[in-house]
Amino acid sequence: VDMWSLGCIFGELLTGRPTFPGASTMNQLDRILELTDKPGLDDIKAIMSPFAATMLEALPLTPPRPLHVIFATEGAEALHFLRGLLRFNPSQRRTAVQALEQ
């Protein structure tokens, strides 16, 4: 199960609009990092894509926006659930079983 996609869909259900509506690949990646923060070296290695690593290095360092600002009308439980799904590193994301148990 693609838990990142589930996080994107859940974000869309919360707001009624796309979670990461980028105008280009780089813009969309910038929007993702606005929510997840710039990944560390281990996170970049986990995605196993030299192209993605190059794109990440090219982006400016932008401080992340807190989830409670982006999803201002949502409660702590929804934000905690969303945060667990939208982890940059796939090995740190909530699993399907963990999501169902929460």
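Residues numbered from 1 in each chain as written. Predicted model: local features only at pLDDT ≥ 70, side-chain atom pairs only at ≥ 80, totals over all residues. Heavy atoms only, no water.

A. Structural detail: the overall build of the protein chain. Summing up its helical and strand segments, the protein chain has seven helices and zero strands in all. For the protein chain, the N- to C-terminal ordering of α and β elements is α-α-α-α-α-α-α. A compact globule built from 102 residues would reach a C-alpha radius of gyration of about 13 Å, and the protein chain, at 14 Å, matches this within 12%. For the C-alpha atoms alone, the extent of the protein chain along its principal axes is close to 35 × 25 × 20 Å. (Helix = DSSP H or I, 4+ residues; strand = E, 2+ residues; numbered from the N terminus. Rg over C-alpha atoms; globule rule 2.2 N^0.38 Å.)

B. Fine view of the nonpolar core. With 24 residues, the main nonpolar core has Phe-20 and Leu-86 as its most contacted residues. Those elements that provide at least two residues to this core are α1 (3–15), α2 (25–36), α4 (50–58) and α6 (76–85). When residues of this core are assigned to their parent elements, the largest contribution, five residues, is made by α6. (Core = buried A, V, L, I, M, F, W, Y, C linked by side-chain atoms within 4.5 Å. Buried < 20%, exposed > 50% of the residue type's maximum accessible area, 1.4 Å probe, protein only.)

C. Layout of α6. Listed as buried for α6 are Ala-78, Leu-79, Phe-81, Leu-82, Gly-84 and Leu-85. Buried residues along α6 sit in contact with α1, α5 (67–70) and α7 (96–101). (Contact = heavy atoms within 4.5 Å.)

D. How the structure looks around α4. Among all positions in α4, only Ala-52, Ala-53, Met-55 and Leu-56 are buried. In a view along the axis of α4, the buried residues occupy a sector of 165°, so they form one face of it. Set apart from the buried face of α4 by more than 90 degrees, the exposed residues are Pro-50, Phe-51, Glu-57 and Ala-58. (Arc of directions from axis to C-beta.)

E. Up close: the packing of α2 against α4. It is the contact of α2 with α4, at a shortest axis distance of 10 Å, that shows an interaxial angle of 75°. Taken together, the axes of α2 and α4 lie roughly perpendicular to each other. Contacts between α2 and α4 pair Thr-25, Met-26, Leu-29 and Leu-33 from the former with Met-55, Leu-56 and Ala-58 from the latter. Broken down by class, the residue content of the contact of α2 with α4 amounts to six nonpolar, one polar and no charged. (Axes fitted to C-alpha atoms, helices over the stretch in contact; angles between N-to-C directions. Parallel < 35°, antiparallel > 145°, perpendicular 65-115°, else oblique. Nonpolar A, V, L, I, M, F, W, Y, C, P; charged D, E, K, R; others polar.)

F. Inspection of the side chain of Arg-94 at higher detail. The topology assignment puts Arg-94 in the loop between α6 and α7. Despite its burial, Arg-94 remains without a salt bridge, the nearest opposite charge being carried by Glu-101 at 8.3 Å. In terms of polar contacts, Arg-94 uses its side chain to reach the side chain of Gln-102, at 3.3 Å. (Lys, Arg positive; Asp, Glu negative; His and termini not counted. Salt bridge = Lys/Arg side-chain N within 4 Å of Asp/Glu carboxyl O. Polar contact = N/O pair within 3.5 Å; in protein donor to acceptor, adjacent residues only side chain to side chain.)

G. Representation of the pattern of salt bridges. For the structure shown, the criterion picks out one salt bridge. In this structure, the salt-bridge partner of Glu-34 is Arg-65, at a minimum N-O distance of 3.0 Å. Taken together, the residues Glu-34 in helix α2 and Arg-65 in the loop between α4 and α5 connect sequence positions 31 residues apart. The class of Arg-65 is partly exposed, set by a relative accessible area of 36%.

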